[in-house]
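# Report on the structure
Now for the letters of each chain:
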Amino acid sequence: QVQVVESGGGLVQAGGSLRLSCAASRSISTINAMGWYRQAPGKQRELVARISRRGSTNYADSAKGRFTISRDNAKNTVSLQMTSLKPEDTAVYYCTAEGLSWTYWGQGTQVTVSS
């Protein structure tokens, strides 16, 4: 089992940047993948970015070129650097720890981008 806790959300103007962090309760070096998802009001939860144990990444089309996911195995953290933020990025952002047959979710952190 692993607990993940997000931080770093807030209110930012369009065009601005935010860095989200996710702290895990145990070593993430053996966890298959760590991810960031988001859910906007009235919409389904969607993948934003994921990083594998080996460091390979994949991004939603909406995040490519603007967001960067990274992991620090020594600190058991995963970060999501978000730049050029748009109002449509407004959502609750969730961190995940993903095994082959399980996924643990954090409580989420709110990101609001004003126009």
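Parameters and conventions
- Here the residue index of a chain counts from 1 through its sequence in written order.
- A pLDDT threshold of at least 70 governs which residues receive local features in this predicted model, and a stricter bar of 80 or more applies before side-chain atom pairs are shown or counted, although totals over entire chains, interfaces and linings include all residues.
- The side-chain numbers reported here are obtained from all heavy atoms of the structure, hydrogens and water having been left aside.
- Criterion for a salt bridge: a side-chain nitrogen of Lys or Arg within 4 Å of a carboxyl oxygen of Asp or Glu.
- Put simply, DSSP marks the helices as runs of H or I at least four residues long and the strands as runs of E at least two long, and each gets a number from the N terminus on.
- Buried, partly exposed and exposed residues are distinguished by accessible area as a fraction of the type maximum, computed with a 1.4 Å probe on protein chains only: under 20%, between the cut-offs, and over 50%, respectively.
- Distance and chemistry together define a polar contact, namely a pair of N or O atoms within 3.5 Å, with one atom able to donate a hydrogen and the other to accept it when in protein, and with adjacent residues in sequence counting only for side-chain atoms on both sides.
- Note on contacts: a residue pair qualifies if any of its non-hydrogen atoms lie within 4.5 Å across the two residues.
- Aromatic contacts are taken between Phe, Tyr and Trp rings whose centres are within 6.5 Å, Trp giving its six-membered ring; a plane angle under 30 degrees counts as stacked, one over 60 as edge-to-face, and the others as tilted.
- Counting as a charge over the ring demands two things of the Lys NZ or Arg CZ atom: a distance within 6 Å of the ring centre and an angle within 35 degrees of the ring normal.
- In short, DSSP must find at least two bridges between two strands for them to pair.
- For helices, the axis comes from a line fit to the C-alpha atoms of the stretch in contact; other axes are also lines fit to C-alpha atoms, and the angle between any two N-to-C directions lies between 0 and 180 degrees.

### Re the pattern of salt bridges
Within this structure, the stated rule accounts for five salt bridges. For E98, the salt bridge is made with R50, and the minimal N-O distance between the two is 2.9 Å. On the criterion of sequence distance, the pair formed by E98 in strand 9 (residues 91–98) and R50 in strand 5 (residues 46–52) is long-range, its members being 48 residues apart. For E98, a relative accessible area of 9% corresponds to the buried category. Since its relative accessible area comes to 22%, R50 is described here as partly exposed. Residue D89 pairs with R66 through a salt bridge whose shortest N-O separation is 2.8 Å. Placement of the pair is D89 in the loop between strand 8 (77–82) and strand 9 and R66 in the loop between strand 6 (57–59) and strand 7 (67–72), with a sequence separation of 23 residues. Given the relative accessible area of 1%, D89 is considered buried. With relative accessibility at 11%, the residue R66 sits in the buried group.

### Let's talk about the side chain of R66
Looking at R66, its side chain comes within polar contact range of the main-chain oxygen of S62, at 2.7 Å. When neighbours within four sequence positions are excluded, R66 is seen to be in contact with Q81, M82, T83, S84, L85, K86 and D89.

### Observations regarding the packing of aromatic side chains
For any two aromatic rings, the description comes down to two numbers: the centre-to-centre distance and the angle of the planes. Inspection of the entire model under this criterion finds three aromatic pairs. Plain terms: the ring middles of W102 and Y104 are 5.2 Å apart, the flat faces sit at 50 degrees to each other, and that makes the pair tilted. When its relative accessible area of 31% is taken as the criterion, W102 is described as partly exposed. Through successive ring pairs, a cluster of aromatic residues spans Y37, Y94 and W105. Note that R45 overlies the ring of Y94, its terminal NZ or CZ placed 3.9 Å from the centroid. It is R45 that lies over the ring of W105; its NZ or CZ is 4.6 Å from the centre.

### Brief notes about the sheet that holds strand 3 (residues 18–24)
What the four strands build is an open sheet, ordered 1-3-8-7; its pairing is antiparallel. Of all strands in the sheet, those with a lone pairing partner are strand 1 (4–7) and strand 7, marking the two edges. The sheet shows a mean angle of 15 degrees between the axes of neighbouring strands, direction not considered. By the bridge criterion, four bridges tie strand 1 to strand 3 in an arrangement that is antiparallel. In the strand pairing of strand 3, V4 is matched with A24.

### Regarding the environment of V2
For V2, the position within the fold is in the segment before strand 1. In this structure the C-alpha to C-alpha distance between V2 and A33, which are 31 residues apart in sequence, comes to 13 Å. Once residues within four sequence positions are removed from consideration, V2 is found in contact with A24, S25, R26, I31, A97, W102 and Y104.

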